[in-house]
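# Overview (structure and organization)
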Amino acid sequence: MSDSISPAFSLEFFPPRDLAGQERLVRAAKQMLAIQPKYVSVTFGAGGSTRAGTADAVRTLRNLGCEAAPHLSCVGASRQDLRDILQAYKNEGVRRVVALRGDLPSGMGGDAGELRYANELVSFIREETGDWFHIEVAAYPEMHPQAAHPSADLDHFVNKVKAGADAAITQYFFNADAYFDFVDRAQAKGVRVPIVPGIMPITNHTQLLRFSEMCGAEVPRWIRLRLAEFGDDKASIRAFGVDVVTELCQTLLDNGAPGLHFYTLNHAEAPLAVWKELSLQA
Ligand code: FAD
């Protein structure tokens, strides 16, 4: 426990699919705004599947009084689509975006769009809108699953920073060494922008394994074994999850991580519980 930490932290939400989801988003956001995040972000369904939903959720969150950053992915999009989206955000006064390549949802066919990789999207945003947006990009301490090898993935990350990214948020991980190794290697290549660790709360065994399989995040064997042993005992899973994630966050902050980005999955309880354990209350 430490009571003198003031890292920049942020929260990630996804656009709700229905009225109940909308109410859950507002409830979670209101609970979490009490701890004054630097900004919140809203995911984007690759291929534009949540284009309106992302913009609506950004509006909702901005109306609650926080800076909100839409995620924007280029896969499946034309330059004109992206131009229109950026212009609409600019018109509304949005100043921060999370720029991604995204993954085409299965069944969307082979139209990859006009920009191939996120570094091209970052360049496009800079060409179109100059310095209007603060641009965040994704980083992968345990390597992006499609990368040929870690150094190629690192070079591709560096290209996003050279293209004009202001900061990065990592894929989640449970091994702090992977994060510090990535930051060291990025800094050795001249990267000076903040690389903020993405933090995934542990609340659901099956969901965690499914997400991790998809995104290439490693769930250490000891965590998998403990979660399996808890079975359907949700309270024990949550308590264990808070302990594990708090320990991870504390290690990250104690060793110089510039902040924390919580993947909230539109639920406040787990991130708030970790926050409370860290004594990060505003
Ligand atoms: P890139 O940086 O373009 O990298 C993608 C892959 O291509 C990597 O393997 C990289 O090594 C490789 N690569 C890059 N450039 C080249 C090149 N020139 N030649 C060959 N290979 C290259 N997905 C969504 O759909 N919506 C979201 O809202 C969303 N939010 C996210 C937020 C965060 C913080 C993170 C970490 C991920 C998020 N994702 C989201 C997932 C992300 O879209 C996927 O991981 C996607 O596969 C890669 O996106 P990227 O921006 O990292 O791509």
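Sequence order as written defines residue numbering, which begins from 1 separately in each chain. In view of the model being predicted, local features appear only for residues whose pLDDT reaches at least 70, and side-chain atom pairs are presented and counted only at 80 or more, with totals across whole chains, interfaces and linings using the full set of residues. Side-chain numbers here rest on the full set of heavy atoms in the structure, without hydrogens or water.

Here the focus is the packing of aromatic side chains. Aromatic rings from Phe, Tyr and Trp, with only the six-membered ring used for Trp, were paired whenever their centres fell within 6.5 Å, and each pair was classed as stacked if the ring planes differed by under 30 degrees, edge-to-face if by over 60, and tilted otherwise. In the structure shown here, the tally under the stated rule is eight aromatic pairs. Pairing Y172 with Y263 gives two aromatic rings, centres 6.3 Å apart and planes at 70°, and the pair type is edge-to-face. Of the two residues, Y172 sits in strand 6 (residues 167-172) while Y263 sits in strand 8 (residues 259-263), which places them 91 residues apart along the sequence. The residues Y172 and Y263 share a single accessibility class, namely buried. Pairing Y179 with F180 gives two aromatic rings, centres 5.0 Å apart and planes at 75°, and the pair type is edge-to-face. Side by side, Y179 and F180 carry an identical accessibility label, which is buried. Among the aromatic side chains, those forming a connected cluster through ring pairs are Y172, F174 and Y263. The rule is short: NZ of Lys or CZ of Arg within 6 Å of the ring centre and within 35 degrees of the ring normal puts a charge over the ring. Between the NZ or CZ atom of R95 and the centre of the ring of W132, over which it lies, the distance is 3.7 Å. Seen from the ring of Y39, R96 lies directly overhead, with NZ or CZ sitting 4.0 Å from the centre. Counting from the N terminus, the helices are the DSSP runs of H or I reaching at least four residues and the strands are the DSSP runs of E reaching at least two. Think of it in three bands: residues with accessible area under 20% of the maximum for their type are buried, residues over 50% are exposed, and the middle band is partly exposed, with areas taken using a 1.4 Å probe on protein chains only.

Throughout, a disulfide means two cysteine sulfur atoms within 2.5 Å of one another. Taken as a whole and assessed by the stated rule, the structure comprises zero disulfides. Looking at C215, it has no disulfide partner, and the nearest cysteine sulfur is the one in C249, 16 Å off. Overall, the relative accessible area of 0% leaves C249 in the buried class.

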